[in-house]
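Survey of secondary and tertiary structure
These are the residues of each chain, in order.
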Amino acid sequence: MSEQNNENHEPRREYTEAELAEMSRDEKMRLGLALDDVELAEYHDRWPVEGTRAERRAERAVAAWFALAGLSALAFIAVFLFWPWEYQSPDDEQAHFIYSLYNPLIGFFLGLSILAVGVGVVLYQKKFIPEEVAVQQRHDGHGSDEVDRQTTAALLADAGSRSGIARRSMIKRTAGFGVGAFGAGAGVYALGGLVRDPWGEEGQESLLHTGWAPEQGEKTYLRRDTGDAHDVSLVRPEDIDAGGFETVFPFRESMRHDEEELISSMRKGDAPVMLIRLRPDAMPVKRKGQEDFNYGDFYAYSKICTHLGCPTSLFEQQTGRLLCPCHQSQFDVINTYAKPVFGPATRALPQLPITVDEDGYFVATRDFIEPVGPAYWERRS
Ligand code: FES
């Protein structure tokens, strides 16, 4: 690059495309600098003598970071897709420990991959892009035109070529691997939910049923949570005072012999139900078609808020309202069969049909007749 090139071109005049096409990269670069009122005080290659041991060492350091980025991205993909992510009870310490590593591991490997790509790029810039000291005069900017685009491209291409990227095959290969694997990891992250079929084992129908659905003619009892999954405590009408309530979960006798079911039936997101005993003077309005869903003063509603799925765990017996503490939705159990009367929820809490069996325990007569929780695509109301 010579000063003469810079002087050969008037920075302020208009350039035709033909003139730009005739210019060398070096000339365009000088022109770009002149247009921006930039004066290069120093501009020299980092490695004027090619192939020294120090240069090779620098190359290996950059390549190592890109390789680390690639390996981390591959590890992220592997963990994301294949690590046992399903909840494991703390009763099985080892399984629980392995399951609990899922989130930390995907965070660690994705973070490491991003970090390593960043460090690799910064290191490449510091070790190989020509060192420069430039002075620029401040002036009003003007919009980009063809001259700006071509001169900027020439400047970048010059820095790239003087960094010697063409002959640094180790860096090119590892950068390709690192950035490529990182891109694949980002793609898996974005599309991972589609890779794994959430209904793989239970079928798509599983979205339409809850743990309250009758199975093989067995009764589904209403069970309270005592804090010990093995302690089965069934609920009877005399357990709840007027104006009181209890959170209950589904229980079938066959679960006693299936430890996994015994525990998971209380952990399923659509299982919790609020069993409410209204005061005798409440005179609730019943929803059309659900007139026999209650048992006397006892009404059972899904505890999962129809806004965003928080537990509607507060019951105000004076007003007969269920409250969701997350965004303050209120559901009026007495006057509008648990339709929302305040807050962001738009749909009534589904009511569970209940009765009492011959032994005096509450049982569900069938599953909910509509989906539980926040709205989704099959919702009609
Ligand atoms: S989740 Fe209940 S109000 Fe938002």
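Residues numbered from 1 in each chain as written. Predicted model: local features only at pLDDT ≥ 70, side-chain atom pairs only at ≥ 80, totals over all residues. Heavy atoms only, no water.

1. Describing a positive patch on the surface
Our working definition: Within the patch definition used here, like charges are joined within 9 Å and nonpolar side chains (Val, Leu, Ile, Met, Phe, Trp, Tyr) within 5 Å, considering only residues with over 30% relative accessible area and no salt bridge. Where accessible areas are quoted, they stem from the Shrake-Rupley method and a 1.4 Å probe; at the residue level, only the protein chains shown are allowed to cover. Any carboxyl oxygen of Asp or Glu that lies within 4 Å of a side-chain nitrogen of Lys or Arg is treated as forming a salt bridge with it. In summary, the charge assignment counts Lys and Arg as positive and Asp and Glu as negative, without counting His or the chain termini. The atom standing in for a charge is NZ when the residue is Lys, CZ when it is Arg, CG when it is Asp and CD when it is Glu. Secondary structure elements follow DSSP: runs of H or I no shorter than four residues count as helices, runs of E no shorter than two count as strands, and numbering proceeds from the N terminus.
Taken together, the side chains of R53, R56, R57, R60, K126 and K127 present a region of like positive charge at the surface. Put simply, the parts of the chain that give the positive patch at least two residues each are helix 4 (53-82) and helix 6 (102-128). With respect to the helices and strands, R60 occurs in helix 4.

2. Topic: the packing of helix 5 (residues 93-100) against helix 6
Just so we agree on the cut-off: Convention adopted: a line fitted to C-alpha atoms gives each axis, helices being fitted over their contacting stretch, and angles between N-to-C directions are expressed from 0 to 180 degrees. In this scheme, roughly parallel covers angles under 35 degrees and roughly antiparallel covers those over 145, while 65 to 115 is roughly perpendicular and the rest are oblique. Any two residues whose heavy atoms approach within 4.5 Å are treated as being in contact. All residues other than Ala, Val, Leu, Ile, Met, Phe, Trp, Tyr, Cys, Pro, Asp, Glu, Lys and Arg, Gly among them, are scored as polar; the first ten of these are nonpolar and the last four charged.
Viewed as axis vectors pointing N to C, helix 5 and helix 6 meet at an angle of 30°, and their least axial separation amounts to 5 Å. By the angle between their directions, the pair helix 5 and helix 6 is classed as roughly parallel. Residues I98, Y99 and S100 of helix 5 lie in contact with helix 6, whose contacting residues are Y102, N103 and P104. Tallied by class, residues from the contact of helix 5 with helix 6 come to 4 nonpolar, 2 polar and no charged.

3. Here we look at helix 7 (residues 146-162)
Rule in force here: One less than the residue count of a helix, multiplied by 1.5 Å, gives the span that helix is expected to have. Three labels apply to residues, based on accessible area from a 1.4 Å probe with only protein chains included: buried if under 20% of the type maximum, exposed if over 50%, partly exposed otherwise in between.
Over its 17 residues, helix 7 runs 24 Å from end to end, which matches the ideal 24 Å to within 8%, given 1.5 Å per residue. For helix 7, the full list of buried residues reads V147, D148, Q150, T151, A154, D158, A159 and G160. Downstream of helix 7 by a residue or two, G164 has a phi angle that is positive, lying close to 80°.

4. With respect to the packing of aromatic side chains
Test applied: Stacked, edge-to-face and tilted are the three classes for Phe, Tyr and Trp ring pairs, Trp counted by its six-membered ring, which pair at centre distances within 6.5 Å; planes under 30 degrees apart are stacked, over 60 edge-to-face, the rest tilted.
Enumeration according to the criterion identifies 11 aromatic pairs in this entry. The interplanar angle of 70° and the centroid separation of 5.2 Å between the aromatic rings of F108 and F109 together place this pair among those described as edge-to-face. F108 gets classed as partly exposed once you look at its relative accessible area, which sits at 47%. Summarising the aromatic geometry, the rings of Y124 and F128 are spaced 5.1 Å apart at their centres and angled 40° between planes, so their arrangement reads as tilted. Of this pair, Y124 and F128 are both found in helix 6, 4 residues apart, which corresponds to roughly one turn of the helix. We classify F128 as buried; its relative accessible area is 1%. Put simply, the rings of W47, Y124 and F128 pair up and form one aromatic cluster.

5. Description of a negative patch on the surface
Judged by side-chain charge, D91, D92, E93, D258, E259 and E260 come together as a negatively charged surface patch. Examined against the element boundaries, E260 turns out to sit in helix 9 (residues 259-264). On the basis of relative accessibility, which here comes to 64%, the residue E260 falls in the exposed class.

6. Here we look at the state of the cysteines
Threshold: Any two cysteine sulfur atoms within 2.5 Å of one another count as a disulfide.
Applying the stated criterion to the full structure yields 1 disulfide. Residue pairing for C310: its cysteine sulfur links by disulfide to C326, the two sulfurs lying 1.9 Å apart. The sign of the -85° torsion about the S-S bond sets the C310-C326 disulfide as left-handed. Of this pair, C310 sits in the loop between strand 7 (298-302) and strand 8 (314-316) while C326 sits in the loop between strand 9 (321-323) and strand 10 (330-332), and the two are 16 residues apart along the sequence. According to the relative accessible area criterion, C310 is buried, its value standing at 19%.

7. A few points about the UniProt feature "transmembrane region" (unreviewed entry) in the protein
Definition in use: UniProt positions are given in the numbering used here, feature names are shortened, and annotations may be inferred rather than shown by experiment.
Residues given the UniProt feature "transmembrane region" (unreviewed entry) here are residues 62-85, 105-124 and 175-195. Within the segment residues 62-85, helix and strand shares are 88% and 0% respectively, and the terminal C-alpha atoms sit 34 Å apart. Structurally, residues 105-124 is divided into 100% helix and 0% strand, and its ends, taken at the C-alpha atoms, are 28 Å apart.

8. Observations regarding the pairing of strand 5 (residues 245-251)
What counts, and what does not: Note: two strands are recorded as paired if DSSP finds a minimum of 2 bridges between them.
Counting buried residues in strand 5 gives 5 out of 7 residues, a clear majority hidden from the surface. Two elements, strand 5 and strand 6 (residues 273-277), share 4 bridges in a ladder whose sense is antiparallel. Paired with V248 across the two strands is V273, which belongs to strand 6.

9. Observations concerning the sheet that holds strand 10
Taking strand neighbours across the sheet as the criterion, the 4 strands line up as 8-9-10-11 in an open arrangement whose pairing is antiparallel. Edge positions in the open sheet fall to strand 8 and strand 11 (339-342), since each of these has one partner strand only. The average angle at which neighbouring strand axes cross in this sheet is 35°, direction not considered. Here 3 bridges tie strand 8 to strand 9, and the two strands are oriented antiparallel to one another. Each residue of the ladder has a partner; that of E316, found in strand 9, is R321.

10. A few points about the pattern of salt bridges
For the coordinates displayed, the defined rule picks out 19 salt bridges. The shortest N-O distance in the salt bridge between R168 and E55 comes to 2.5 Å. A residue pair is termed long-range when its members are at least 10 positions apart, and R168 in the loop between helix 7 and helix 8 (169-195) and E55 in helix 4 qualify at 113 residues. Overall, E55 belongs to the buried group, its relative accessible area being 1%. One connected set of salt bridges, linked through shared partners, spans E50, E55, E59, R167 and R168.

11. Considering the confidence of the model for the protein
What counts, and what does not: Confidence scores labelled pLDDT are given residue by residue by the predictor and lie between 0 and 100.
Per-residue pLDDT for the protein has a mean of 86; in total, 90% of the residues score no lower than 70. Across residues 1-7 the pLDDT falls below 50, and counting only partners more than four positions away or on other chains, this stretch makes 12 contacts in the model.

12. A short note on the side chain of D158
If you trace the backbone, D158 turns up in helix 7. In this structure D158 comes out as buried when scored by relative accessible area, which is 6%. When neighbours within four sequence positions are excluded, D158 is seen to be in contact with R25, M29 and Y43.

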